[in-house]
Amino acid sequence: MRLSEVGNKEIVDLSTGCNHGQLWDAEMLFDRKSGKIKAVLVPSFQSTGFFRKSYGDMCELPWGSIVIVGEDMIIFQSQV
């Protein structure tokens, strides 16, 4: 799967139901030796009705916490 095919997918936390935006909003951390993705950094949002405000903080999602990459979403299980 190419990045262009997953960029529009919403990132959702299965534990809290929180939506962290799209993969385009995220950054990826790579292992320097292997080149494998270690984690995805996604913005932490606060929902206020129809508007979302960014906390300015980033939430680090270990690559192993991703449960499924679906047609419209990437669902992960956070450690709450």
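Above this text you will find the structure in question.
Given the structure is predicted, the values throughout are model-derived calculations rather than measurements.

Scanning the protein for helices and strands turns up one helix and seven strands. Along the protein, helices and strands appear, N-terminal first, in the series α-β-β-β-β-β-β-β. Expressed as a percentage of the 80 residues in the protein, the buried residues total 28%. Sequence separation of at least 24 residues holds for 34% of the intrachain contacts in the protein that already meet a minimum separation of 6. When the accessible surface of the protein is totalled, it reaches about 5800 Å², and 53% of it is carbon and sulfur.

Spatially, four strands are ordered β2-β1-β7-β6 in an open sheet, and the strand pairing comes out mixed. Bordering the open sheet on either side are β2 (19-22) and β6 (66-69), each of which pairs with just one other strand. For this sheet, the mean inter-axis angle between neighbouring strands, taken without regard to orientation, is 20°. Pairing of β6 with strand β7 (residues 73-76) involves three bridges; the strand directions are antiparallel. When the sheet's bridge partners are listed, Val69 is paired in β7 with Ile74.

For the rest of this paragraph, the subject is a nonpolar patch on the surface. Residues Leu14, Val67 and Ile68 make up a contiguous nonpolar surface patch of about 280 Å² in total accessible area. With respect to the secondary-structure elements, Leu14 resides in the loop between β1 (10-13) and β2.

Turning to its location among the elements, Lys36 is positioned in the loop between β3 (27-30) and β4 (37-48). Among all residues touching Lys36, those that are not within four sequence positions of it are Leu29, Phe30 and Asp31.

Within the secondary structure, Ser65 is located in the loop between β5 (51-62) and β6. The exposure class assigned to Ser65 is buried, which follows from its relative accessible area of 10%. Distance in space between the C-alpha atoms of Ser65 and Gln77 is 5.4 Å, their sequence separation being twelve residues. Ser65 has contacts with Ile75, Phe76 and Gln77, leaving out every residue within four places of it along the chain. Polar contacts involving the side chain of Ser65 include one to the main-chain carbonyl oxygen of Pro62, which spans 2.7 Å.

What counts and what doesn't
Residues numbered from 1 in each chain as written. Predicted model: local features only at pLDDT ≥ 70, side-chain atom pairs only at ≥ 80, totals over all residues. Heavy atoms only, no water. Helix = DSSP H or I, 4+ residues; strand = E, 2+ residues; numbered from the N terminus. Buried < 20%, exposed > 50% of the residue type's maximum accessible area, 1.4 Å probe, protein only. Contact = heavy atoms within 4.5 Å. Areas by Shrake-Rupley, 256 points an atom, 1.4 Å probe, with all protein chains shown as cover. Pairing = 2+ DSSP bridges. Axes fitted to C-alpha atoms, helices over the stretch in contact; angles between N-to-C directions. Patch = residues over 30% accessible without salt bridge, like charges linked within 9 Å, V, L, I, M, F, W, Y side chains within 5 Å. Salt bridge = Lys/Arg side-chain N within 4 Å of Asp/Glu carboxyl O. Polar contact = N/O pair within 3.5 Å; in protein donor to acceptor, adjacent residues only side chain to side chain.

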